[in-house]
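Descriptive structure summary
One letter stands for each residue in the lines below.
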Amino acid sequence: MNSGTVLRAAEREIALVAREEAHLEAEVLLMHVLQTDRVGLYTQLEKEISAIQAEKYHQLVQRRLLHEPLSYIIGHREFFDFDFYVDNRVLIPRPETELVVQTCLDYLKEPFIDCGETCYIADIGTGSGAIAISLALSYHRAVVYASDISIDALEVAIKNCHRHGVRSRVYCSPGDMLEPLTQPVNLIVANLPYISDADFAELSPEINVYEPAVALAGGVDGLDCMRRLLLQIRGKLRAGGAVVLEVGEGQAHSVVALAREQFSHARIDIINDYAAIERVVKIMP
Ligand SMILES: C[S@@+](CC[C@H](N)C(=O)[O-])C[C@H]1O[C@@H](n2cnc3c(N)ncnc32)[C@H](O)[C@@H]1O
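I will try to describe carefully the structure that is included in this document. Since this is a predicted model, take the numbers as computed values, not measurements.

Looking only at helices and strands, the protein chain has 12 helices and nine strands in total. Against the compact-globule benchmark of 19 Å for 285 residues, the protein chain has a radius of gyration of 21 Å, which places it among compact chains. The buried share of the protein chain, taken over its 285 residues, is 52%. For the protein chain, contacts bridging at least 24 residues in sequence account for 66% of all contacts bridging at least 6. A total accessible area of about 13400 Å² is found for the protein chain, and carbon and sulfur atoms account for 53% of it. Each charge class in the protein chain can be summarised by its mean position, and for the 26 positive and 40 negative side chains these summaries are 5 Å apart.

Printed below as a string of C-alpha coordinates:
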(Lines give C-alpha, C1' and ligand atoms only; values in the text may rest on other atoms or scores of the structure.)
Protein backbone atom coordinates (compact mmCIF):
# COMPACT_ATOMS: atom_id res chain seq x y z
CA MET A 1 0.00 0.00 0.00
CA ASN A 2 1.26 3.47 -0.74
CA SER A 3 1.30 6.45 1.67
CA GLY A 4 -1.49 8.24 -0.21
CA THR A 5 -3.86 5.30 0.24
CA VAL A 6 -3.26 4.99 4.00
CA LEU A 7 -3.55 8.76 4.34
CA ARG A 8 -6.97 8.85 2.67
CA ALA A 9 -8.22 5.90 4.77
CA ALA A 10 -7.03 7.60 7.98
CA GLU A 11 -8.70 10.85 6.96
CA ARG A 12 -12.05 9.06 6.61
CA GLU A 13 -11.65 7.52 10.07
CA ILE A 14 -10.50 10.71 11.80
CA ALA A 15 -13.48 12.56 10.29
CA LEU A 16 -15.59 10.63 12.82
CA VAL A 17 -14.02 12.63 15.68
CA ALA A 18 -12.67 15.74 13.94
CA ARG A 19 -14.71 16.48 10.85
CA GLU A 20 -13.17 19.85 9.87
CA GLU A 21 -9.59 18.99 10.75
CA ALA A 22 -9.53 15.38 9.55
CA HIS A 23 -7.35 15.98 6.50
CA LEU A 24 -4.84 18.10 8.39
CA GLU A 25 -4.70 15.69 11.34
CA ALA A 26 -4.23 12.63 9.13
CA GLU A 27 -1.35 14.44 7.43
CA VAL A 28 0.27 15.52 10.70
CA LEU A 29 0.16 11.98 12.08
CA LEU A 30 1.64 10.55 8.89
CA MET A 31 4.39 13.19 8.82
CA HIS A 32 5.16 12.20 12.42
CA VAL A 33 5.44 8.51 11.48
CA LEU A 34 7.49 9.14 8.34
CA GLN A 35 9.59 11.77 10.18
CA THR A 36 9.13 14.26 7.38
CA ASP A 37 7.58 17.65 6.67
CA ARG A 38 4.63 18.44 4.39
CA VAL A 39 6.81 18.76 1.26
CA GLY A 40 8.44 15.43 2.08
CA LEU A 41 5.05 13.85 2.63
CA TYR A 42 3.72 14.99 -0.73
CA THR A 43 6.76 13.70 -2.57
CA GLN A 44 6.27 10.28 -0.93
CA LEU A 45 2.54 9.80 -1.49
CA GLU A 46 3.03 7.30 -4.32
CA LYS A 47 5.71 5.37 -2.42
CA GLU A 48 5.08 2.13 -0.55
CA ILE A 49 4.79 2.52 3.23
CA SER A 50 6.59 -0.18 5.24
CA ALA A 51 4.55 -2.62 7.36
CA ILE A 52 6.14 -1.19 10.53
CA GLN A 53 5.27 2.38 9.57
CA ALA A 54 1.73 1.38 8.56
CA GLU A 55 1.22 -0.33 11.92
CA LYS A 56 2.57 2.66 13.84
CA TYR A 57 0.31 4.99 11.86
CA HIS A 58 -2.68 2.75 12.52
CA GLN A 59 -1.97 2.88 16.28
CA LEU A 60 -1.71 6.66 16.31
CA VAL A 61 -4.94 7.00 14.36
CA GLN A 62 -6.66 4.66 16.86
CA ARG A 63 -5.51 6.92 19.72
CA ARG A 64 -6.99 9.91 17.92
CA LEU A 65 -10.27 8.00 17.45
CA LEU A 66 -10.40 7.67 21.24
CA HIS A 67 -10.36 11.50 21.29
CA GLU A 68 -6.77 11.88 22.47
CA PRO A 69 -5.65 15.35 21.31
CA LEU A 70 -3.31 15.41 18.34
CA SER A 71 -0.63 17.38 20.22
CA TYR A 72 -0.35 14.72 22.95
CA ILE A 73 -0.04 11.99 20.33
CA ILE A 74 2.79 13.70 18.47
CA GLY A 75 4.24 15.17 21.70
CA HIS A 76 4.60 18.79 20.74
CA ARG A 77 2.76 21.98 19.87
CA GLU A 78 3.76 25.22 18.21
CA PHE A 79 3.14 28.39 20.19
CA PHE A 80 4.31 31.91 19.36
CA ASP A 81 6.50 30.36 16.61
CA PHE A 82 8.32 28.16 19.16
CA ASP A 83 7.93 24.42 19.47
CA PHE A 84 6.95 23.08 22.93
CA TYR A 85 7.03 19.56 24.25
CA VAL A 86 3.58 18.63 25.62
CA ASP A 87 1.99 15.61 27.24
CA ASN A 88 -1.10 15.03 29.35
CA ARG A 89 0.49 16.66 32.42
CA VAL A 90 -0.07 20.10 30.87
CA LEU A 91 -2.69 22.10 29.04
CA ILE A 92 -1.91 22.29 25.33
CA PRO A 93 -1.01 25.94 24.69
CA ARG A 94 -3.81 27.70 22.78
CA PRO A 95 -3.46 30.22 19.94
CA GLU A 96 -5.44 32.84 21.90
CA THR A 97 -2.78 32.76 24.63
CA GLU A 98 -0.31 34.18 22.10
CA LEU A 99 -2.18 37.47 22.63
CA VAL A 100 -1.17 37.31 26.31
CA VAL A 101 2.51 37.07 25.31
CA GLN A 102 2.12 39.86 22.75
CA THR A 103 0.40 42.09 25.33
CA CYS A 104 3.32 41.53 27.72
CA LEU A 105 5.89 42.31 25.00
CA ASP A 106 4.02 45.49 23.99
CA TYR A 107 3.95 46.56 27.63
CA LEU A 108 7.68 45.90 28.08
CA LYS A 109 8.40 48.13 25.07
CA GLU A 110 6.45 51.10 26.51
CA PRO A 111 8.79 54.08 26.91
CA PHE A 112 7.70 54.67 30.52
CA ILE A 113 8.79 51.17 31.65
CA ASP A 114 12.07 51.28 33.49
CA CYS A 115 13.23 47.82 34.44
CA GLY A 116 16.90 48.75 34.47
CA GLU A 117 19.14 45.97 33.16
CA THR A 118 16.64 43.23 33.87
CA CYS A 119 12.87 42.95 33.71
CA TYR A 120 11.49 40.58 36.30
CA ILE A 121 8.39 38.69 35.27
CA ALA A 122 6.26 36.14 37.13
CA ASP A 123 4.25 33.61 35.08
CA ILE A 124 1.69 32.08 37.42
CA GLY A 125 0.26 28.72 36.36
CA THR A 126 3.02 28.21 33.81
CA GLY A 127 1.94 24.72 32.65
CA SER A 128 4.18 23.79 29.70
CA GLY A 129 6.08 27.06 30.22
CA ALA A 130 4.70 28.40 26.94
CA ILE A 131 4.21 31.99 28.16
CA ALA A 132 7.34 32.16 30.35
CA ILE A 133 9.65 30.70 27.71
CA SER A 134 8.18 32.71 24.82
CA LEU A 135 8.77 35.88 26.85
CA ALA A 136 12.33 34.87 27.73
CA LEU A 137 13.09 34.04 24.08
CA SER A 138 11.48 37.22 22.75
CA TYR A 139 12.76 39.67 25.36
CA HIS A 140 16.37 39.08 26.29
CA ARG A 141 16.33 41.32 29.35
CA ALA A 142 13.62 39.16 30.92
CA VAL A 143 14.14 36.96 33.95
CA VAL A 144 11.03 34.90 34.51
CA TYR A 145 9.80 33.18 37.67
CA ALA A 146 7.52 30.44 36.41
CA SER A 147 5.38 28.67 38.97
CA ASP A 148 2.63 26.12 39.05
CA ILE A 149 0.69 24.23 41.69
CA SER A 150 1.21 21.05 39.67
CA ILE A 151 4.65 19.46 40.10
CA ASP A 152 3.89 17.31 37.05
CA ALA A 153 3.34 20.41 34.94
CA LEU A 154 6.55 22.00 36.22
CA GLU A 155 8.53 18.97 35.04
CA VAL A 156 7.24 19.68 31.52
CA ALA A 157 8.08 23.40 31.87
CA ILE A 158 11.63 22.52 32.94
CA LYS A 159 12.00 20.15 29.98
CA ASN A 160 10.90 22.99 27.69
CA CYS A 161 13.36 25.41 29.33
CA HIS A 162 16.17 22.99 28.46
CA ARG A 163 14.79 22.50 24.97
CA HIS A 164 14.90 26.27 24.36
CA GLY A 165 18.13 26.98 26.25
CA VAL A 166 16.57 29.40 28.76
CA ARG A 167 17.13 27.48 31.98
CA SER A 168 19.39 30.29 33.28
CA ARG A 169 16.64 32.93 32.87
CA VAL A 170 13.47 30.99 33.67
CA TYR A 171 13.25 29.78 37.27
CA CYS A 172 10.60 27.13 37.83
CA SER A 173 9.13 26.67 41.31
CA PRO A 174 6.12 24.80 42.62
CA GLY A 175 3.48 26.56 44.67
CA ASP A 176 0.07 28.12 45.02
CA MET A 177 -0.51 31.41 43.15
CA LEU A 178 2.04 34.08 44.17
CA GLU A 179 3.32 32.19 47.22
CA PRO A 180 6.61 31.07 45.52
CA LEU A 181 7.41 34.68 44.55
CA THR A 182 9.92 36.01 47.08
CA GLN A 183 10.51 39.46 45.56
CA PRO A 184 8.36 42.00 43.70
CA VAL A 185 8.44 41.87 39.91
CA ASN A 186 7.77 44.29 37.04
CA LEU A 187 5.13 42.12 35.41
CA ILE A 188 2.80 39.39 36.61
CA VAL A 189 1.25 37.31 33.85
CA ALA A 190 -1.22 34.48 34.32
CA ASN A 191 -3.39 32.20 32.28
CA LEU A 192 -5.12 30.46 35.18
CA PRO A 193 -8.04 28.00 34.98
CA TYR A 194 -11.24 29.88 34.09
CA ILE A 195 -13.81 27.31 32.95
CA SER A 196 -17.00 27.40 35.03
CA ASP A 197 -18.34 24.16 36.50
CA ALA A 198 -21.31 24.22 34.09
CA ASP A 199 -19.09 24.77 31.02
CA PHE A 200 -16.59 22.10 32.11
CA ALA A 201 -19.14 19.34 31.62
CA GLU A 202 -19.88 20.61 28.11
CA LEU A 203 -16.27 20.54 26.89
CA SER A 204 -15.24 18.03 24.25
CA PRO A 205 -13.66 14.77 25.54
CA GLU A 206 -10.36 15.91 23.98
CA ILE A 207 -10.35 18.55 26.72
CA ASN A 208 -12.31 17.31 29.73
CA VAL A 209 -11.07 13.71 29.58
CA TYR A 210 -7.46 14.23 28.43
CA GLU A 211 -6.29 17.65 29.62
CA PRO A 212 -5.58 18.13 33.36
CA ALA A 213 -8.65 19.37 35.25
CA VAL A 214 -6.39 21.49 37.48
CA ALA A 215 -5.50 23.52 34.37
CA LEU A 216 -9.12 24.18 33.43
CA ALA A 217 -11.64 24.16 36.26
CA GLY A 218 -12.22 27.60 37.75
CA GLY A 219 -15.16 26.94 40.11
CA VAL A 220 -18.83 27.92 39.90
CA ASP A 221 -18.32 31.08 37.81
CA GLY A 222 -14.82 30.22 36.57
CA LEU A 223 -13.27 33.10 38.50
CA ASP A 224 -12.02 31.36 41.67
CA CYS A 225 -8.35 31.59 40.66
CA MET A 226 -8.65 35.16 39.37
CA ARG A 227 -10.19 36.28 42.70
CA ARG A 228 -7.43 34.65 44.73
CA LEU A 229 -4.63 35.97 42.53
CA LEU A 230 -5.87 39.57 42.59
CA LEU A 231 -6.03 39.48 46.40
CA GLN A 232 -2.32 38.57 46.49
CA ILE A 233 -0.92 41.15 44.02
CA ARG A 234 -0.25 43.96 46.50
CA GLY A 235 3.40 43.90 47.59
CA LYS A 236 4.39 41.59 44.71
CA LEU A 237 4.54 44.27 42.00
CA ARG A 238 7.25 46.91 41.58
CA ALA A 239 6.29 50.55 41.07
CA GLY A 240 4.95 51.03 37.53
CA GLY A 241 4.34 47.30 37.18
CA ALA A 242 1.47 45.56 35.42
CA VAL A 243 -0.66 42.43 35.61
CA VAL A 244 -1.71 40.66 32.40
CA LEU A 245 -4.47 38.05 32.69
CA GLU A 246 -6.09 35.77 30.15
CA VAL A 247 -9.85 35.51 30.72
CA GLY A 248 -12.64 33.39 29.29
CA GLU A 249 -15.31 34.64 26.91
CA GLY A 250 -17.70 36.97 28.77
CA GLN A 251 -15.49 37.24 31.90
CA ALA A 252 -13.50 40.40 31.16
CA HIS A 253 -15.83 42.87 32.84
CA SER A 254 -16.19 40.72 35.97
CA VAL A 255 -12.38 40.52 36.19
CA VAL A 256 -12.13 44.31 35.74
CA ALA A 257 -14.61 44.72 38.62
CA LEU A 258 -12.55 42.34 40.81
CA ALA A 259 -9.39 44.28 39.96
CA ARG A 260 -11.11 47.59 40.79
CA GLU A 261 -11.95 46.25 44.27
CA GLN A 262 -8.20 45.96 44.90
CA PHE A 263 -6.87 48.86 42.82
CA SER A 264 -9.49 51.58 42.55
CA HIS A 265 -7.25 53.97 40.55
CA ALA A 266 -5.65 51.42 38.25
CA ARG A 267 -5.56 51.86 34.50
CA ILE A 268 -7.25 48.75 33.15
CA ASP A 269 -7.38 47.76 29.48
CA ILE A 270 -9.31 44.93 27.83
CA ILE A 271 -7.74 43.50 24.68
CA ASN A 272 -9.71 41.51 22.10
CA ASP A 273 -8.40 38.40 20.44
CA TYR A 274 -8.53 37.62 16.69
CA ALA A 275 -12.08 36.33 17.07
CA ALA A 276 -13.08 39.70 18.63
CA ILE A 277 -13.50 38.05 22.05
CA GLU A 278 -12.42 40.09 25.09
CA ARG A 279 -9.50 37.87 26.01
CA VAL A 280 -6.87 39.75 27.97
CA VAL A 281 -7.16 42.13 30.92
CA LYS A 282 -4.15 44.38 31.58
CA ILE A 283 -4.06 46.08 34.96
CA MET A 284 -1.62 48.85 35.82
CA PRO A 285 -2.24 49.58 39.53
C1 LIG B 1 -4.96 27.24 31.76
S2 LIG B 1 -3.50 26.42 32.29
C3 LIG B 1 -2.29 27.49 31.54
C4 LIG B 1 -0.98 26.85 31.23
C5 LIG B 1 -0.01 27.77 30.46
N6 LIG B 1 0.28 28.97 31.22
C7 LIG B 1 -0.60 28.16 29.12
O8 LIG B 1 -1.01 29.32 28.97
O9 LIG B 1 -0.66 27.30 28.23
C10 LIG B 1 -3.49 26.84 33.99
C11 LIG B 1 -2.30 26.39 34.81
O12 LIG B 1 -2.48 26.90 36.14
C13 LIG B 1 -2.07 25.93 37.08
N14 LIG B 1 -2.74 26.22 38.35
C15 LIG B 1 -4.01 25.89 38.73
N16 LIG B 1 -4.25 26.35 39.97
C17 LIG B 1 -3.12 26.98 40.38
C18 LIG B 1 -2.74 27.64 41.59
N19 LIG B 1 -3.60 27.74 42.62
N20 LIG B 1 -1.50 28.16 41.68
C21 LIG B 1 -0.63 28.04 40.65
N22 LIG B 1 -0.92 27.41 39.49
C23 LIG B 1 -2.15 26.89 39.36
C24 LIG B 1 -2.45 24.62 36.43
O25 LIG B 1 -1.73 23.54 36.97
C26 LIG B 1 -2.15 24.89 34.96
O27 LIG B 1 -0.85 24.49 34.61
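So, on to the pairing of strand 6 (residues 185-190). The element strand 6 is largely enclosed, with a buried count of six among its six residues. Here four bridges tie strand 3 (residues 119-124) to strand 6, and the two strands are oriented parallel to one another. Note that in strand 6 the partner of Ile121 across the bridge is Leu187. Across five bridges, the pairing between strand 6 and strand 7 (residues 237-246) is parallel. Counted as the bridge partner of Ile188 is Val243 from strand 7.

Take the site of the ligand next. Near the ligand there are 19 residues, and of these Gly125, Asp148, Asp176, Met177 and Asn191 occur at the shortest range. Separating a nitrogen atom of the ligand from a backbone N or O atom of Ile149 is a distance of 3.2 Å. Classifying every residue of the shell around the ligand gives nine nonpolar, seven polar and three charged.

On to the packing of aromatic side chains, then. If you walk through the whole model with that rule in mind, you get five aromatic pairs. Centre to centre, the rings of Phe79 and Phe80 are 6.5 Å apart; their planes meet at 40°, and the pair counts as tilted. For Phe79, a relative accessible area of 1% puts it in the buried group. Ring centres of Tyr145 and Tyr171 lie 5.7 Å apart, and the angle between their planes is 25°; on these two criteria the pair is classed as stacked. Of this pair, Tyr145 sits in strand 4 (residues 142-148) while Tyr171 is found in strand 5 (residues 170-174), placing the two residues 26 residues apart along the sequence. Joined through ring pairs, the aromatic side chains of Phe79, Phe80, Phe82 and Phe84 make up one cluster. Its guanidinium or amino end placed over the ring of Tyr85, Lys159 lies 4.4 Å from that ring's centre, counting from NZ or CZ.

Now for the pairing of strand 1 (residues 76-79). Examined bridge by bridge, strand 1 and strand 2 (residues 82-85) share four bridges and lie antiparallel to one another. If you follow Phe79 over to strand 2, its bridge partner there is Phe82. Counted between consecutive antiparallel strands, the loop separating strand 1 from strand 2 contains two residues, among which Phe80 sits at a positive phi close to 55°.

Position of Ile14 among the secondary structure elements: in helix 1 (residues 3-14). Ignoring sequence-local partners within four residues, the contact set of Ile14 consists of Ala22, Glu25, Ala26, Leu29, Val61, Arg64 and Leu65.

Once that is clear, we can look at the side chain of Ser147. Structurally, the position occupied by Ser147 is in strand 4. Apart from the residues lying within four places of it in its own chain, the contact partners of Ser147 are Asp123, Ile124, Gly125, Thr126, Leu154, Ser173, Met177 and Pro180.

Rules behind the numbers
- For every chain, the first residue of its written sequence is number 1, and the numbers climb from 1 along that sequence.
- Restriction of local features to residues with pLDDT of at least 70 applies here, the model being predicted, together with a cutoff of 80 or more for giving and counting side-chain atom pairs; totals for whole chains, interfaces and linings are based on all residues.
- Think of the side-chain values as coming from all heavy atoms in the structure, minus any hydrogens and water.
- Here a helix means four or more residues in a row that DSSP labels H or I, a strand means two or more in a row labelled E, and each is numbered from the N terminus.
- Within these notes, the globule rule equals 2.2 Å times the number of residues to the 0.38 power, and the radius of gyration is based on C-alpha atoms.
- Each residue's exposure class comes from its accessible area (1.4 Å probe, protein chains only) as a fraction of the maximum for that residue type: buried when under 20%, exposed when over 50%, partly exposed otherwise.
- Contact criterion: two residues are considered in contact whenever any of their non-hydrogen atoms come within 4.5 Å of each other.
- Here, Shrake-Rupley sampling with a 1.4 Å probe gives the accessible areas, and only protein chains in the shown set may cover a residue.
- For the purpose of counting charges, residues Lys and Arg are taken to be positive, whereas Asp and Glu are taken to be negative. His and the chain ends are not included.
- Every charge is mapped onto a representative atom, which is NZ of Lys, CZ of Arg, CG of Asp or CD of Glu.
- A pair of strands is considered paired only if DSSP assigns at least 2 bridges between the two.
- Definition of nearness: a residue and a molecule or strand are near each other if at least one heavy atom of the residue lies within 4 Å of the molecule or strand.
- Polar contacts, as counted here, are pairs of nitrogen or oxygen atoms within 3.5 Å of one another; within protein the pair requires one atom able to donate a hydrogen and one able to accept it, and residues that are adjacent in sequence qualify only if both atoms are side-chain atoms.
- Three residue categories are used. Nonpolar comprises Ala, Val, Leu, Ile, Met, Phe, Trp, Tyr, Cys and Pro, charged comprises Asp, Glu, Lys and Arg, and polar comprises the others, including Gly.
- Paired rings are identified among Phe, Tyr and Trp, the last through its six-membered ring, by centres lying within 6.5 Å, and are further divided according to the angle between planes into stacked (under 30 degrees), edge-to-face (over 60) and tilted (the rest).
- The rule is short: NZ of Lys or CZ of Arg within 6 Å of the ring centre and within 35 degrees of the ring normal puts a charge over the ring.

So, to be careful, I would describe these as geometric facts and stop short of saying anything about function.
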